[in-house]
Amino acid sequence: MLKPIADRVIIKVQEEKEESVGGILLASNAKEKPQVGEVIAVGDGSVTENGTKLPLTVKVGDTVYYDKYSGSQVKFDNEDYLVLHEKDIIAIVE
Amino acid sequence: MLKPIADRVIIKVQEEKEESVGGILLASNAKEKPQVGEVIAVGDGSVTENGTKLPLTVKVGDTVYYDKYSGSQVKFDNEDYLVLHEKDIIAIVE
Amino acid sequence: MLKPIADRVIIKVQEEKEESVGGILLASNAKEKPQVGEVIAVGDGSVTENGTKLPLTVKVGDTVYYDKYSGSQVKFDNEDYLVLHEKDIIAIVE
Amino acid sequence: MLKPIADRVIIKVQEEKEESVGGILLASNAKEKPQVGEVIAVGDGSVTENGTKLPLTVKVGDTVYYDKYSGSQVKFDNEDYLVLHEKDIIAIVE
Amino acid sequence: MLKPIADRVIIKVQEEKEESVGGILLASNAKEKPQVGEVIAVGDGSVTENGTKLPLTVKVGDTVYYDKYSGSQVKFDNEDYLVLHEKDIIAIVE
Amino acid sequence: MLKPIADRVIIKVQEEKEESVGGILLASNAKEKPQVGEVIAVGDGSVTENGTKLPLTVKVGDTVYYDKYSGSQVKFDNEDYLVLHEKDIIAIVE
Amino acid sequence: MLKPIADRVIIKVQEEKEESVGGILLASNAKEKPQVGEVIAVGDGSVTENGTKLPLTVKVGDTVYYDKYSGSQVKFDNEDYLVLHEKDIIAIVE
């Protein structure tokens, strides 16, 4: 598996369902909106200037909203993941 | 429900009433102006370089003014919310 | 009333008198110049990295000069106010 | 009088004499050059992250060179002043 | 051999296999995607403001994903390497 | 004389000799290159966030190389000087 | 000789050999690539906010790779040198 570095988090993105009305597929809204995914792996936290390690808030298994367009896509074992910094995660579904 | 991360706050935006004069709908003022909403959820506060957690000032239930265009929109349970950093909130109605 | 957050200050802007010569209204000077207002409310001060709260220098009732174009306009109880960070205030009239 | 905030300084700008040769007024040099003024008032110093107040180096009465185009112009009692941050002052005439 | 400075890491880049379908070579995907390489050498860690040395997380021999386009290419003993800052490494293959 | 503020240094610029070949004056090289001058006055050093004053490395009388285009020109007693931050000085001639 | 300031390093650049194939001179690769040089002199290290001096890692005599286009060229005693910050050095040849 992949182990993210420092404050990074690996996300399995939840596919966005395209909306359709009466069978006509609607283009998704052009406005930038956050997306949803499941946390697959988390880093050990970033290290501050004085050497303190700051553990992450999100945990493996969390469903999270994140800022669209943040992060980098990686392919591993034929699966696509998104790797982003925890600061790009905006909320956890509780 | 959604739990915002760190210094983030979830806002239920108060709809802006469109002004009308004698039944004629007026376009809203083009000048950038702050908007109003109710705080629905708050994060646990951001963590500083030396590991101190800084709790938020705003509380759930507060009516707040925030900088227009700040934050990210999220849809949850068919409701639209706005998630923003506390620094984008400019004042609390007391 | 409105309570500004952290290092923010609410200002009631002093109307700029338009200059007129012999009844002819002159356009105000195009050069960017600071403006004057009265402090209506102040925040509790911003919190630094180590958790220290830094109280503001300006007080309610002060007449202050501030950098034009800084801050956000808010409407509250049918009155217009300006909310700005204390750093955008340049001098107090004594 | 005006009291500048934090690390700000109020300057009474020394008028630049236009050079003339044989009565022909010469346009001033297009190159950006610092200007000279007298310090009229100084702030109490800016406050650092840990709450330390850093007093200013310049004093009322100092003649100083400052970076042209820095600062904001204010009009007070029909006099024009320049308010700038101490960092925009480059040297004191001794 | 080369010894990277501070928080730098030397990577031997794993060649990206061009995909082909039925013998027709396909252009690689235009989307920016991370790449994979093996860590060949690591720096001693960067030094913080208070003189603390922060050791690196990645080790020689690790297979890592890194942000495409980050780092500098160096040629040494007729081999091409990539030198990048550890922060440009996004995950380790475990 | 002029006393520079904080980490500033006053330089008397050493005139660049135009190169000529066989009496034909050559345009100076278009590439950006550092220049040389003599240190005439130095500031008392900048003050850090915790109030520590950091004395300068260069001394009055030093011949120094500095980054071309850095600093501000000042005229004092009919002489031209250059005032720059110590960080814009790149080396001292020993 | 020249003494670099703070975290600066003086490099004697190693000439890049132009490649030729069968006597035909090939233009060097257009891709940005690091270059190699010998360290001639090093500064005493930069001073941090709390007054700590951070000594450099590279030593006089080291052969180093550095980011192309970083640093400033200086001419001294009819020799050309490159002065750069240590952070622009990416690796030492061991």
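Each chain has its residues counted from 1, following the order in which its sequence is written. Chains and ligands are labelled by the order in which they are written, letters from A for the one and numbers from 1 for the other. With the structure being a predicted model, the display of local features is reserved for residues of pLDDT at least 70 and the display and counting of side-chain atom pairs for 80 or more, all residues being used for whole-chain, interface and lining totals. Water and hydrogen atoms were dropped before computing side-chain values, which therefore reflect all heavy atoms in the structure.

- By the naming in an unreviewed UniProt entry, chain A goes by Co-chaperonin GroES and is assigned to Amylolactobacillus amylotrophicus DSM 20534.
- UniProt positions are given in the numbering used here, feature names are shortened, and annotations may be inferred rather than shown by experiment. Taken directly from UniProt, the Sequence similarities (unreviewed entry) text for chain A runs: "Belongs to the GroES chaperonin family."
- The record held by UniProt for chain A lists under Subcellular location (unreviewed entry) the comment "Cytoplasm".

### Observations regarding the overall build of chain A
Now for step 1: Helix and strand content of chain A: zero helices and 11 strands.
Now for step 2: In this description a helix means any DSSP run of H or I spanning at least four residues, a strand means any run of E spanning at least two, and both kinds are numbered starting from the N terminus. Mapped in sequence order, the helices and strands of chain A form the string β-β-β-β-β-β-β-β-β-β-β.
Now for step 3: Out of the 94 residues in chain A, the part that is buried amounts to 40%. Each residue gets one of three labels from its accessible area relative to the maximum for its type: buried under 20%, exposed over 50%, partly exposed in between, using a 1.4 Å probe on protein chains only.

### Digging into the environment of Asp 7 of chain C
All names here are of chain C.
Now for step 1: Its place among the elements puts Asp 7 in the loop between strand E1 (2-4) and strand E2 (8-13).
Now for step 2: Measuring from C-alpha to C-alpha, the distance between Asp 7 and Glu 86 comes to 5.8 Å, with 79 residues separating the pair along the chain.
Now for step 3: Note on contacts: a residue pair qualifies if any of its non-hydrogen atoms lie within 4.5 Å across the two residues. When near neighbours in sequence (up to four residues on either side) are disregarded, Asp 7 contacts Gly 45, Ser 46, Leu 56, Leu 84, His 85 and Glu 86.
Now for step 4: As used in this structure description, the phrase polar contact means that two N or O atoms lie within 3.5 Å; if the pair is within protein, one of them must be able to donate a hydrogen and the other to accept it, and residues adjacent in sequence are counted only when both atoms belong to side chains. For Asp 7, the side chain forms a polar contact with the side chain of His 85, separated by 3.1 Å.

### With respect to the interface of chain F and chain D
The extent of an interface is frequently quoted as the accessible surface area lost upon association of the parts.
Now for step 1: Each side of the interface is counted separately: chain F has 17 residues, and chain D has 19 residues.
Now for step 2: A simple way to read buried area is as the amount of 1.4 Å-probe accessible surface that goes missing from two parts once joined, with both sides added. Taken together, both faces of the contact between chain F and chain D bury some 1,500 Å²; the carbon and sulfur share is 56%.
Now for step 3: It is Ile 5, Glu 49 and Gln 73 of chain F in chain F that bury the most area against chain D; as a group they hold 36% of the surface buried on that side.
Now for step 4: The working definition used for a salt bridge is a side-chain nitrogen of Lys or Arg within 4 Å of a carboxyl oxygen of Asp or Glu. Where chain F meets chain D, there are zero salt bridges.
Now for step 5: Inspection of the chain F/chain D interface yields seven residue pairs in polar contact (both at pLDDT 80 or more).
Now for step 6: Secondary structure elements with two or more residues in the side of chain F that touches chain D: strand E1 (2-4) and strand E9 (72-76) of chain F.
Now for step 7: By residue number, the principal contributor to the side of chain F that touches chain D is E9 of chain F, which donates five residues.
Now for step 8: Residue composition of the side of chain F that touches chain D, grouped by class: eight nonpolar, five polar and four charged.
Now for step 9: DSSP-based pairing: two strands are paired if at least 2 bridges between them are found. Where strand E11 (residues 89-93) of chain D meets E1 of chain F, three bridges bridge the pair, whose relative direction is antiparallel. Amino acids are sorted into nonpolar (Ala, Val, Leu, Ile, Met, Phe, Trp, Tyr, Cys and Pro), charged (Asp, Glu, Lys and Arg) and polar (every other residue, Gly among them).

### Some details on the relation of the copies chain A and chain E
Now for step 1: We place the copies in one frame by least squares, fitting the C-alpha atoms of every residue whose pLDDT is at least 70 in both. After a rotation of 51° and a shift along the axis of 0.0 Å, chain A superposes on chain E with an RMSD of 0.0 Å.
Now for step 2: The residues that chain A uses at the interface reappear at the interface of chain E in only 18% of cases, marking distinct surfaces.

### Considering unusual backbone geometry
Now for step 1: Phi is positive for Asn 78 of chain A, which is not a glycine, with a value near 65°.
Now for step 2: For Asn 78 of chain A, the location among the structural elements is in the loop between strand E9 (72-76) and strand E10 (79-85).
Now for step 3: Even without glycine at this site, Ala 6 of chain C takes up a positive phi of about 55°.
Now for step 4: Residue Ala 6 of chain C is classed as partly exposed on the basis of its relative accessible area, which comes to 25%.

### A short note on the sheet that holds E10 of chain A
Now for step 1: Taken together, seven strands build an open sheet; the order of strands is E9(A)-E10(A)-E2(A)-E5(A)-E8(A)-E11(A)-E1(B) and the sheet is antiparallel. The sheet is open, and its two borders are formed by E9 of chain A together with strand E1 (2-4) of chain B, each paired with just one other strand. Adjacent strand axes in the sheet meet at a mean angle of 40°, parallel and antiparallel pairs treated alike.
Now for step 2: Pairing geometry for strand E2 (residues 8-13) of chain A and strand E5 (residues 35-42) of chain A, over five bridges, is antiparallel. Looking across to E5 of chain A, one finds that Val 13 of chain A is bridged to Gly 37 of chain A. Axis definition: a line fit to C-alpha positions, over the contact stretch in the case of helices; interaxial angles, taken between N-to-C directions, run 0 to 180 degrees.

### Here's the deal with the sheet that holds E2 of chain C
Now for step 1: Pairing within the open sheet is antiparallel, and its seven strands lie in the order E9(C)-E10(C)-E2(C)-E5(C)-E8(C)-E11(C)-E1(D). At either end of the open sheet lies a strand with only one pairing partner, and these are strand E9 (72-76) of chain C together with strand E1 (2-4) of chain D. Each adjacent strand pair in this sheet contributes to an overall mean axis angle of 40°, direction not counted.

### A short note on a negative patch on the surface
Now for step 1: Within the patch definition used here, like charges are joined within 9 Å and nonpolar side chains (Val, Leu, Ile, Met, Phe, Trp, Tyr) within 5 Å, considering only residues with over 30% relative accessible area and no salt bridge. Here, Shrake-Rupley sampling with a 1.4 Å probe gives the accessible areas, and only protein chains in the shown set may cover a residue. For the purpose of counting charges, residues Lys and Arg are taken to be positive, whereas Asp and Glu are taken to be negative. His and the chain ends are not included. A charge is said to be at NZ when it belongs to Lys, at CZ for Arg, at CG for Asp and at CD for Glu. There is a patch of like negative charges on the surface, built from Glu 49 of chain A, Glu 49 of chain B, Glu 49 of chain C, Glu 49 of chain D, Glu 49 of chain E, Glu 49 of chain F together with Glu 49 of chain G.
Now for step 2: For Glu 49 of chain B, the position within the fold is in the loop between strand E6 (46-47) and strand E7 (53-54).

### Some remarks on the interface of chain A and chain E
Now for step 1: If you look at the interface, chain A gives 17 residues, while chain E gives 19 residues.
Now for step 2: Of all residues in chain A, Ile 5, Glu 49 and Gln 73 of chain A bury the most surface against chain E, accounting for 37% of the area lost on that side.
Now for step 3: Counting across the chain A and chain E interface gives zero salt bridges.
Now for step 4: Between chain A and chain E we count seven residue pairs in polar contact (both at pLDDT 80 or more) in total.
Now for step 5: Where the side of chain A that touches chain E is concerned, the elements lending two or more residues are strand E1 (2-4) and E9 of chain A.
Now for step 6: The element contributing the most residues to the side of chain A that touches chain E is E9 of chain A, with five residues.
Now for step 7: Partitioning the side of chain A that touches chain E into residue classes produces eight nonpolar, five polar and four charged.

### Observations concerning the pairing of strand E9 (residues 72-76) of chain B
Now for step 1: Residues Ser 72, Val 74 and Phe 76 of chain B of E9 of chain B are buried on one face, while the alternating residues Gln 73 and Lys 75 of chain B, pointing to the opposite face, are not.
Now for step 2: Once E9 of chain B ends, the chain turns through two residues before running back antiparallel as strand E10 (residues 79-85) of chain B, passing Asp 77 of chain B with a positive phi of about 50°.

### With respect to the pairing of strand E8 (residues 63-66) of chain C
Now for step 1: Pairing of strand E5 (residues 35-42) of chain C with E8 of chain C involves four bridges; the strand directions are antiparallel. Bridging across to E8 of chain C, Val 36 of chain C finds its partner in Tyr 65 of chain C.

### Details of the packing of aromatic side chains
Now for step 1: Note on aromatic contacts: the rings of Phe and Tyr and the six-membered ring of Trp form a pair at centre separations within 6.5 Å, being stacked when their planes are under 30 degrees apart, edge-to-face when over 60 apart, and tilted otherwise. Applying the stated criterion to the full structure yields three aromatic pairs over all chains.
Now for step 2: With centroids separated by 6.5 Å and ring planes inclined at 75°, the aromatic side chains of Tyr 65 of chain D and Phe 76 of chain F adopt a geometry described as edge-to-face. Of this pair, Tyr 65 of chain D sits in strand E8 (residues 63-66) while Phe 76 of chain F sits in strand E9, on two different chains. Both residues of the pair, Tyr 65 of chain D and Phe 76 of chain F, count as buried.
Now for step 3: We call a charge positioned over a ring when the NZ of a Lys or the CZ of an Arg lies within 6 Å of the ring centre and within 35 degrees of the ring normal. Just above the ring of Tyr 81 of chain E sits the side chain of Lys 12 of chain E; from NZ or CZ to the centre is 5.2 Å.

### A closer look at the confidence of the model for chain A
Now for step 1: Across chain A, the average pLDDT comes to 84, with 80% of residues at or above 70.
Now for step 2: pLDDT measures the predictor's confidence residue by residue and takes values from 0 up to 100. Within the model, the stretch residues 27-31 of chain A combines pLDDT values under 50 with two contacts to residues more than four positions away or in other chains.

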